[in-house]
Structure formats: C-alpha cells, structure tokens
Amino acid sequence: METSELRIALFSGNYNYTRDGANQALNRLVGSLLDKGAAVRVYAPTVADPDFEPTGDLINLPNVRMPVKGRDEYRLPTGLGRKVRRDLENFKPNIVHLSSPDPSGHAALSWAQDHDIPVLASVHTRFETYPRYYGLGFTEPLVLAILRRFYNRCDALVAPSQSMIDELVATKMHDDIAIWSRGVDRTIFSSEQRDLEWRRSIGLADDDVAIVYLGRLVMEKGLDVFAETVVQLRKRQVPHKVLVIGDGPARQWFEDALPGGIFAGFKTGADLGQALASGDIFFNPSITETFGNVTLEAMACGLPVVAAGATGASSLVNDGVTGRLVPLKGKKGAEKPDSTGLAEAIAPYCLDPALRMAHGRAGEERSFEYSWEAINQVVADTYVRLIEERRALQAAEAAEAVR
C-alpha cells in the first residue's frame, strides 16, 4: 500500500484556534501527507478568529467552552453529531487518527470500531497531570483509568519521545507504540537569529544573562516552579534577568510573581526565533510535556537548557553536555519539580559564560538530528501497517467463514 492510498480522518481537540506545539505538529503532518497524495479530513472545533489558518480541510466538531477556570479559551469537543457522522460516511476513511481523548475522540473511536477501521492515537501531553494544577489532584487515578481504557481500545499509539513511551508502557496504556518525534524549522530557530539591538530595545544590556520562559502562560506549564526558582536565584544574589515569551490566561499571575521580569508577549515566525535566540539560558520546569517542542527550539537557538527531569526533556537534554536535567521529588505518581535543585543547576550558567556557550553549542549540534520529513514518514508508515494488518485479518476471517 502506498501513502497516496491513505484516507485519514484526523480528530483534534484544538487544530488551529489556539496555537500550541501539538497542533503545530499536526498541521505539519497533514501538510506532509497531502504533499504525498494522501486524502486527509480534519475534525476539530472551529472559531471565528483562529490563531492561524488550518492545513487541509477542517470540519467543525460540536463543542462547548472548556468548563475549567483558567482554561476557558479552549473548546471541549462533545461528540460527533449527525453532520460529522454523515461527512465521515461520505469521506470513507481507511484509518482514523485521534489526537485527544476527549468525548469526540471517544465517539470517533467507537465509530471506527463499528466500521472495522483501524485507529491510531497520538499522545501529545500528560493529561493525567493536569488535575493537580487546578486543585483536583484526587481525580488523577480516575483520569489514568479513563486514559488507559481509551488508548487500549486503539490499534496503536505514537508518542514523541522514548521517555514518554516508557511511561505509557509502565502505566499499561498500550504495548504497540512508535516514536513520532518533532522537528525544528531552521529558517526560524538558529543561534544566528540572536539580535543585540532587539535585546537592548526591551531593556537587556549586552552582558545581562537572560533566563527564558517560552510557552503558553497556563499553570500546568510549571509557572509556579519557574517563579519559585527565580526567587531562589535572587536570594542567592545570582545575577540574571527573566525574559518571558508568550501569553495566556495566567499572565497576570506570572507578572505578579516575577517583579522586574521582561514580558515580550506572544511571538511567531521570525520574531519568535529572534526573541528566543536573544536569550541566554532556557528554563523549562514543565512535567506535562511528552516531548517539549520549545526545548528543541531553544537548543536549535544555541541556548543551554535546564529542565525538570520529566518525560520529553529527558529524551532531549543530555545532562551535563547540552544542559541540566534536575530529578523530580516526591512519591511516585505525585512527583514535583525541585525548585532548589533547579536554581542550583541554573546558577553556574549565569556565572560562567564559557560553560553557557559550550553547552549551548552542543545543544544546537544535537538539534540537527530532528528532520520533519523523516519524522512524519513514521506516522504514514504506521497508518499503512495498521491498514495492511486489518486487511490481512479480514481476509483470514473471510476465508475461515467459507470453510
């Protein structure tokens, strides 16, 4: 079977209305598949003013505002509905791809099984860790059970890092999991994009050491740990500045927690590459990532990375070579980043320019290993494998029935 014979129904909770690493990867995947002649139909919530134009045909899913304080800019897909079911019947997919275990994802999984169509799920975030950031940590075992049932009903999974695959296997989510990693756009992210004039324009002197946060400003990205770590650095009188690139519902909280921080706002394209490369140290305290696109982008920009030793970062950062990985602390299933350990890891980079430069160069070299073309072909090959396995099973069952 050729890639051009694929007919993919892709379901996403957020394909383009709010920009994030997961939907950027999905849009790149769809673009790659379309370039190879595959047919793709994307089903996701649509809004009047999305963050960016979608790649491919996008069909609206029934949805409501996310019923969680601090997440109300997101939409919750609530099912399929008659219109979507009719569209699926007309499209006649030979593979269904689910990127979010939401109600529409569950409904699409049941639809595919009713029609004897194989299902691939991609894992983009640590959903089971989200409740602890909204005072609902007691629900984590229930969320894990729901995720386990959802993923085990699928034919296979793809995840963006070996560390995430190890976690999925350990929690019995599935045993057929391939790596769908992430690439980096070198026309945007490179150490060559560093711009001293831009730094000066936002109040950074040439010899200031800027610790960078990049991402959506939501609590589950570890904003509290970032702020606690900066407080530790200030208490130790370690010279540094804080540069925050991004926006989101927790921006005011973050600004209040980081007095004197420089908030550059939301950036995309060349402006994002310039801002990121103009920092000095990248700090990623998040434990919800399955890969960490921002970590790879920072490496491509020549920044040493200090990160919590969680899924995603632990597959990217070579501890002591391209940055530092700081182990989590706490009981299994309730681990937290260690702000004291993170401050101790960041401090040497603030004080030693040679160390900062050496680890930044090593990270940039490593980032060259990540090619979007080869990465997306893994998903296409997995689609083909699942379809061929299903056809072989159907043929065997048909032969058995006529005996």
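Residues numbered from 1 in each chain as written. Predicted model: local features only at pLDDT ≥ 70, side-chain atom pairs only at ≥ 80, totals over all residues. Heavy atoms only, no water.

### Examining the side chain of Ser 99
Inference 1: Structurally, Ser 99 can be placed in the loop between strand S6 (95-98) and helix H3 (103-114).
Inference 2: With relative accessibility at 7%, the residue Ser 99 sits in the buried group.
Inference 3: Within polar-contact distance, the side chain of Ser 99 engages the backbone oxygen of Phe 11 at 2.8 Å.
Inference 4: Apart from the residues lying within four places of it in its own chain, the contact partners of Ser 99 are Phe 11, Ser 12, Gly 13, Leu 26, Ser 122 and His 124. (Helix = DSSP H or I, 4+ residues; strand = E, 2+ residues; numbered from the N terminus. Buried < 20%, exposed > 50% of the residue type's maximum accessible area, 1.4 Å probe, protein only. Polar contact = N/O pair within 3.5 Å; in protein donor to acceptor, adjacent residues only side chain to side chain. Contact = heavy atoms within 4.5 Å.)

### Brief notes about the sheet that holds strand S2 (residues 39-44)
Inference 1: Sheet architecture is open: seven strands sit in the order S3-S2-S1-S6-S7-S8-S9, paired in parallel fashion. Strands at the two margins of the open sheet, each flanked by one partner only, are strand S3 (57-60) and strand S9 (177-179). Here the strands of the sheet are splayed against their neighbours by 25° on average, with no regard to which way each runs.
Inference 2: Relative to strand S7 (residues 119-122), S6 is paired through three bridges, and the arrangement is parallel. Looking across to S7, one finds that His 97 is bridged to Leu 120. (Pairing = 2+ DSSP bridges. Axes fitted to C-alpha atoms, helices over the stretch in contact; angles between N-to-C directions.)

### Things to note about the nonpolar core
Inference 1: Counting residues in hydrophobic clusters, the biggest one holds 56 residues, and the most contacted among them are Leu 276, Phe 282 and Tyr 383.
Inference 2: Tallying contributions element by element places helix H14 (residues 372-401) first for this core, with eight residues.
Inference 3: Not counting chain neighbours up to four residues away, the residues in contact with Leu 276 comprise Phe 189, Val 212, Leu 214, Ile 245, Phe 282, Glu 297, Ala 298, Cys 301 and Leu 303. (Core = buried A, V, L, I, M, F, W, Y, C linked by side-chain atoms within 4.5 Å.)

### Considerations on the environment of Gly 37
Inference 1: Following the sequence through the fold, Gly 37 ends up in the loop between helix H1 (21-35) and S2.
Inference 2: Relative accessible area serves as the criterion here: at 44%, Gly 37 is assigned to the partly exposed category.
Inference 3: With 31 residues separating them in the primary sequence, Gly 37 and Leu 6 have C-alpha atoms 8.3 Å apart.

### What to know about the packing of aromatic side chains
Inference 1: For the structure on display, the rule yields nine aromatic pairs.
Inference 2: Both rings, one in Phe 150 and one in Tyr 151, keep their centres 5.3 Å apart while their planes meet at 70°; by these two values the pair is edge-to-face.
Inference 3: With relative accessibility at 1%, the residue Phe 150 sits in the buried group.
Inference 4: What makes Tyr 151 buried here is its relative accessible area of 3%.
Inference 5: Arranged with centres 4.8 Å apart and planes meeting at 25°, the rings of Phe 226 and Phe 283 form a pair that is stacked. Here Phe 283 lies in strand S13 (residues 281-284) and Phe 226 lies in helix H7 (residues 223-235), a separation of 57 residues in the sequence. Per residue, the accessibility class of Phe 226 equals that of Phe 283, and both read buried. (Phe/Tyr/Trp six-rings, centres within 6.5 Å; stacked < 30°, edge-to-face > 60°.)

### A look at the sheet that holds strand S14 (residues 305-308)
Inference 1: Ordered in space as S12-S11-S10-S13-S14-S15, the six strands form an open sheet in which the pairing is parallel. Only two strands of the sheet have a single neighbouring strand rather than two, namely strand S12 (262-265) and strand S15 (323-326). Within this sheet the neighbouring strands show an average axis-to-axis angle of 20°, counted without direction.
Inference 2: Relative to S15, S14 is paired through four bridges, and the arrangement is parallel. Residue pairing for S15: Ala 307 is matched across the bridge by Leu 325.
Inference 3: Lying on the sheet, helix H10 (residues 293-300) is in contact with strand S10 (210-214), S13 and S14; it crosses S13 at an angle near 170°.

### Concerning helix H5 (residues 162-170)
Inference 1: Where H5 is concerned, the buried positions are Ser 163, Met 164, Ile 165, Glu 167 and Leu 168.
Inference 2: The inward-facing, buried residues of H5 contact strand S8 (156-159), S9 and helix H11 (313-316).
Inference 3: Backbone geometry just after H5 places Lys 172 at a positive phi near 60°.

### Examining the pattern of salt bridges
Inference 1: Under the criterion given, the structure shown has 19 salt bridges.
Inference 2: Its salt-bridge partner being Arg 41, residue Asp 57 comes within 3.6 Å of it at the nearest N-O pair. With Asp 57 in strand S3 and Arg 41 in strand S2, this pair connects stretches of sequence that are 16 residues apart.
Inference 3: Put simply, Arg 251 and Glu 255 hold a salt bridge, and the shortest N to O gap is 2.8 Å. (Salt bridge = Lys/Arg side-chain N within 4 Å of Asp/Glu carboxyl O.)

### Here we look at the pairing of S6
Regular strands have side chains that alternate between both faces of the sheet.
Inference 1: Because side chains alternate across S6, one face comprises the buried residues Ile 95 and His 97, and the other comprises Val 96 and Leu 98, equally buried.
Inference 2: Read from S6 through H3 to S7, the crossover connection turns out right-handed. (Right-handed = clockwise from strand over helix to strand, strands pointing away.)

### Considerations on the state of the cysteines
Inference 1: What the rule picks out here adds up to zero disulfides.
Inference 2: No disulfide involves Cys 301; its sulfur sits 18 Å from that of Cys 350, the nearest cysteine. (Disulfide = S-S within 2.5 Å.)

### What about the packing of H7 against helix H12 (residues 339-351)?
Two packed helices can be described by the angle between their axes and the distance between those axes.
Inference 1: In the contact formed by H7 and H12, the axes pass within 8 Å of each other and the chain directions differ by 60°. One way to sum up the angle between H7 and H12 is to call them oblique. The element H7 and its partner H12 pack so that their crossing is right-handed. Between H7 and H12, the contacting residues are Val 225, Glu 228, Thr 229, Gln 232 and Leu 233 on the first element and Ser 339, Thr 340, Leu 342, Ala 343, Ile 346 and Ala 347 on the second. (Parallel < 35°, antiparallel > 145°, perpendicular 65-115°, else oblique. Left-handed = near helix turned anticlockwise from the far one by under 90°.)

By themselves, these observations are geometric and do not establish any function.
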